[in-house]
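Here is how the chains run, residue by residue.
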Amino acid sequence: MLVLLLLLLPLAVIPYPAHAATADQWRSRSIYQLFTDRYALSPAVASSANCNPGDQTWCGGTWNSTRENLDYIQQAGFTAIWISPVNKNYDGPRTQYGDAYTGYWVTDVSQLNPHFGTTADLKLLSAELHRRGMFLMVDMVLNNVMATSTTPDYSAYFFKDSSQYHPYCPIQWGNRTSEMDCWLGDTVVPLPDVNTEDPSVSQAYQNWITAFVQEFSIDGLRIDAAKHAPAAFWTPICAAAGVFCMGEVFGPDVNEAASYQGALDSVLNYPMYDALVQAFALPGPQNMSGLVQIMDQSKQQYKDMSVLGNFLENQDVPRWANISVDIQSLYNAMVFTFMSDGIPIVYYGQEQRLSGNADPWNREPLWPTNYANTSTYTMIATLNKLRNFLTNGTDSWTTSQAEVLTMTSNELAIMKGDVISVMTNIGSPCGSFYAVGGRHPDYRVGLHGFIPDILSCTQRTVGSNGTVSVEYTKGGQAVVLVPQSQLPGSGLCGYAASAAAVASVHSNSAILSFSLLGPSWGIPALCAVLGMVVW
């Protein structure tokens, strides 16, 4: 496999073939999403930097400082990063909403954003990721541009003719024609909508993106505001790019999101995000049945669930720690995003429990955390280590569909391949309930007598009738059960790592090691016994 071979070669930069990263290759990846301006600073400026998200201006992160701090990402087990848009942004007088620090106020896609670095800097970042066996996903703003009036001068834009934009009109939400043809933003910072019906627009994008992907060896694209253009508009553009395309289809409607898969390889799974918030956030409705309903609808509507983007945070929604007060709610929801169908995506700072609300407060700088090895970081590393081992060891785990074994108002047990994940929304305190699920026809772990929970590295007894009891003696901790026969070579819970597993976490300076005792979640040890029996 090319990715692993690269890691075994000397440290010199190795040419990476363009058009290499297909949906088949991306489904086994896990993605760390970062804001280039806020992820890392170069050492010379980090000690003196003052970055207040409320100021809505540049804080100094660059492609070089991202490249210099990849160990932190790779040692957490991530195999890809998704960075902010790289293209030229508005660079005029400060607006009422601040400066263009996010990278999303694009004016000319054919030029790079000098605030983030040079052509050479972006190529070095791409080459270093590939040397490590990691993929690079770049955010793309192609549906619209940024302006400061509803009658802009387009002479400095990629598309210079006003006929290449839809005429100004405010969006009437709920009207799909209006959502696709009218302008996002407002009259303070309007976002002129590109005329997607104009063949010259599509052809110009195709010509540009083919060269862009090849020049910078890009592995994947995240398409911003994909739902604000017809799905068919993206087909020739992604074909010209020749790499994996994941689109943003914001909203809770499974049917709408699924309608874009086909034109795009994948979409961000916003309907599942909404369901996870409703099921696990505390305080919240704890609607576990709603989560199962979304799982069922997704199986019916999506063409390929294995490449959907699973997330709990991003730049457009509040941080999990802002909407949920209990850390166990985060851990249980994270288990779902890693161990169910789809590609797990972690937004920078989730592992540090940053707690900003919506824009701009969820765009905090990461460097004040000192990139600490928190319990959340450790848990993410363990989940990544298991998932990477499963996806490298078998072709079927990522494409097998997760099935519900049992569900109550407070608990959910799913099975994907031979791995069982048990999640609860009771939070850190104990409860006093007990649930029993029905027998699953493909359940096979009962043959092994004992089954390890890889999050705590404790053995769970399998009863003679094939049942596994999960007790919450320390509060509502998630459980991930893997048959012992599948753990050799994983490097988890006392099992030695195989050469491939070691290679997958190798970096410039270190190989991440994990405690055999598992992470410490800081939950009181004395609790009333409650639990679930998984059949």
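Analysis parameters
- Residues numbered from 1 in each chain as written.
- Predicted model: local features only at pLDDT ≥ 70, side-chain atom pairs only at ≥ 80, totals over all residues.
- Heavy atoms only, no water.
- Helix = DSSP H or I, 4+ residues; strand = E, 2+ residues; numbered from the N terminus.
- Buried < 20%, exposed > 50% of the residue type's maximum accessible area, 1.4 Å probe, protein only.
- Contact = heavy atoms within 4.5 Å.
- Areas by Shrake-Rupley, 256 points an atom, 1.4 Å probe, with all protein chains shown as cover.
- Pairing = 2+ DSSP bridges.

Chemist: Would you mind going over the overall build of the protein chain in detail, with residue names and values included?
Modeler: Assigned secondary structure in the protein chain consists of 17 helices and 21 strands. A buried classification covers 60% of the 535 residues belonging to the protein chain. Here the analysis covers contacts within the protein chain between residues at least 6 apart in sequence; of these, 74% occur between residues at least 24 apart. As displayed, the protein chain has an accessible area near 19400 Å², and 54% of this comes from carbon and sulfur atoms.

Chemist: Summarise unusual backbone geometry; cite the residues concerned and give the values.
Modeler: Here the bond from Leu282 into Pro283 is cis, since omega is 5°, no more than 30 degrees from zero. Tracing the chain through its elements places Pro283 in the loop between α12 (270-280) and α13 (288-301). Omega for the peptide link from Asp359 to Pro360 comes to 10°, which places this bond in the cis form. Its place among the elements puts Pro360 in the loop between β12 (343-347) and α16 (375-393). Within the chain, Gln56 stands out as a residue other than glycine whose phi angle is a positive 50°. Note that Gln56 resides in the loop between α4 (43-46) and α5 (63-67). Despite not being glycine, Ser217 shows a phi value in the positive range, around 50°. Here Ser217 shows up in the loop between α9 (199-216) and β8 (220-223).

Chemist: So what's going on with the sheet that holds strand β2 (residues 80-83)? Residues and values would help.
Modeler: Spatial strand order, β10-β9-β8-β5-β2-β1-β12-β11: eight strands in an open sheet with parallel pairing. Strands with a single pairing partner mark the edges of an open sheet, and in this sheet they are β10 (266-267) and β11 (309-310).

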